[in-house]
Amino acid sequence: GLPVLGRLGVLREMTERRRETSPRAHVLRAPAEHWQALLEIAPGDPEAELELGTHLRELGRGEEAKPLLERAAARRSGRAFFELGLLARQAGEREQAVTHLEKALEIQPQQPRAALELGRTLIALGRKKQGDQWLETHEKLQAAEDARRGARVEGQLALMEADRLYSQAREEVKQGRIAEAKSSYGRTLELDPAHHGARIELAWLHMADGQHRPAERELRLVLKQEPEHPQGLLAWGILCVETGRFDEARQSLGRSRASGTWLPTVAQQVGRAWRSVGQEEEARRWESGR
């Protein structure tokens, strides 16, 4: 048969071929080609070098990955040191892997995977006490990351529910179910306090019911966060017309109109508001666009 070195060479070749032809390799190769193409356009791009180095390491092409990851590590990238640590361990260089993984955690202490891999590598080196400590650290970091991820997911779900309730409220307005619409707008704002559309439309419903104080409260919140919000300024201007604050109304309506978002129907709406308080000349002026 083949001598030992020859057999090892065949084994390495078969291993590389298996990596290149595995289903995962097909998934990884496309991103690798993407980043390679980017580097041809922008040589030395830091993100492209790090991403390509990572993909090449995962494909088992360590010799190609190493210089890319070393350049990224020279820029004090915690992720690059983590990838170098995995690369060193794959090459059987466990002490070097420890050095790289420790550096990764020095730069980015909140890396659960780096703590996990460092713990495993230290245990493999016979340094069980140190390894166990890092595995405990990994559990804490992972729990914190899971909590953050859970909070993000909950936040996204809350925003999706807020959008659903907002659509529901608008449908309820069309159907004349005003009390239900107000409730739906309120629930929308509980989930997403920054939903300006819901807050402004709720203010319009309050104004339609002659409830100027709650309308003013909602509109103040919008304009505090976004002072030049066109719809917020429009609603505030009409509120000021209805409550007799004419100078403030003109200023607010003027700023809203200057946004360039008004349709002819808006000018008619403003005219009606002025006319409702006996200001016929002012109504005609706004309707004509003067």
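Peer 1: Would you take a moment to explain the overall build of the protein chain for this structure?
Peer 2: Looking only at helices and strands, the protein chain features 15 helices and zero strands. Within the protein chain, the fraction of its 290 residues that count as buried is 38%. Sequence separation of 24 or more characterises 44% of the internal contacts of the protein chain that already satisfy a separation of 6 or more. By element, 54% of the accessible surface of the protein chain is carried by carbon and sulfur atoms, the whole surface being about 16,700 Å².

Peer 1: How do you make sense of the packing of helix α10 (residues 196-208) against helix α12 (residues 230-242) when you look at a structure like this?
Peer 2: Packed helices, taken two at a time, are described by their axes: the angle between them and the distance between them. Running from amino to carboxyl end, α10 crosses α12 at an angle of 15 degrees, the nearest separation of the two axes being 10 Å. With respect to α12, the axis of α10 lies roughly parallel. Pair α10 / α12 crosses with left-handed handedness. Here α10 contributes I200, W204 and M207 to the contact with α12, which in turn contributes Q231, G232, L234, A235, I238, L239 and E242. Of the residues belonging to the contact of α10 with α12, the class tally is seven nonpolar, two polar and one charged.

Peer 1: Looking at this structure, how should I read the environment of E171?
Peer 2: Counting through the fold element by element, E171 comes out in helix α8 (residues 128-174). Along the primary structure E171 and A181 are separated by 10 residues, whereas in three dimensions their C-alpha atoms are 8.0 Å apart.

Peer 1: It is not clear to me how the confidence of the model for the protein chain should be interpreted in this structure. Could you clarify?
Peer 2: If pLDDT is low for a region, its predicted coordinates should not be looked at in detail. Predicted confidence across the protein chain gives a mean pLDDT of 87, with 89% of residues reaching 70 or more. Note on residues 1-28: pLDDT is under 50 here. Beyond four places in sequence and across chains, it has 17 contacts.

Peer 1: How should I be thinking about unusual backbone geometry in this particular structure?
Peer 2: With the exception of glycine, the majority of residues adopt a negative phi angle, and the majority of peptide bonds are in the trans configuration. One non-glycine residue, R76, lies in positive phi territory at about 60 degrees. Along the polypeptide, R76 turns up in the loop between α4 (62-74) and α5 (78-90). Since its relative accessible area comes to 49%, R76 is described here as partly exposed.

Peer 1: Can you help me understand the nonpolar core in this one?
Peer 2: Nonpolar side chains in soluble globular proteins generally cluster together in the buried interior. The biggest cluster of nonpolar side chains holds 29 residues, and the ones touching the most others in it are L52, L69, F82 and L118. For this core, the secondary-structure elements that each account for two or more residues are α2 (23-41), α3 (46-58), α4, α5, α6 (94-107) and α7 (112-124). The contacts of L69, once residues within four sequence positions are left out, are L50, G53, T54, A80, E83, L84 and L87. Listed in part, the 24 residues of the second largest apolar core include L223, A235, A249 and A283.

Peer 1: Any chance you could explain the side chain of S184 here in plain terms?
Peer 2: Tracing the chain through its elements places S184 in helix α9 (residues 178-191). The exposure class assigned to S184 is buried, which follows from its relative accessible area of 1%.

Peer 1: Whenever I open this one, α6 confuses me. Can you help?
Peer 2: Between its first and last C-alpha atoms α6 spans 20 Å; for 14 residues at 1.5 Å apiece the expected length is 20 Å, and the two agree. Residues of α6 that are buried: A97, V98, H100, L101, A104, L105 and I107. Elements that come into contact with the buried residues of α6 comprise α5, α7 and α8.

Peer 1: Which parts of the structure should I look at to understand the pattern of salt bridges?
Peer 2: Any two side chains of opposite charge can pair, on the condition that their charged atoms come close. Per the counting criterion, the structure on display carries 29 salt bridges. Residue R89 pairs with E117 through a salt bridge whose shortest N-O separation is 2.6 Å. In this pair, R89 is assigned in helix α5 and E117 in helix α7, connecting sequence segments 28 residues apart. Residue classification places E117 among the buried residues on the basis of a relative accessible area of 6%.

Procedures and definitions
Residues numbered from 1 in each chain as written. Predicted model: local features only at pLDDT ≥ 70, side-chain atom pairs only at ≥ 80, totals over all residues. Heavy atoms only, no water. Helix = DSSP H or I, 4+ residues; strand = E, 2+ residues; numbered from the N terminus. Buried < 20%, exposed > 50% of the residue type's maximum accessible area, 1.4 Å probe, protein only. Contact = heavy atoms within 4.5 Å. Areas by Shrake-Rupley, 256 points an atom, 1.4 Å probe, with all protein chains shown as cover. Axes fitted to C-alpha atoms, helices over the stretch in contact; angles between N-to-C directions. Parallel < 35°, antiparallel > 145°, perpendicular 65-115°, else oblique. Left-handed = near helix turned anticlockwise from the far one by under 90°. Nonpolar A, V, L, I, M, F, W, Y, C, P; charged D, E, K, R; others polar. pLDDT = per-residue confidence, 0-100. Core = buried A, V, L, I, M, F, W, Y, C linked by side-chain atoms within 4.5 Å. Expected span 1.5 Å × (residues − 1). Salt bridge = Lys/Arg side-chain N within 4 Å of Asp/Glu carboxyl O.

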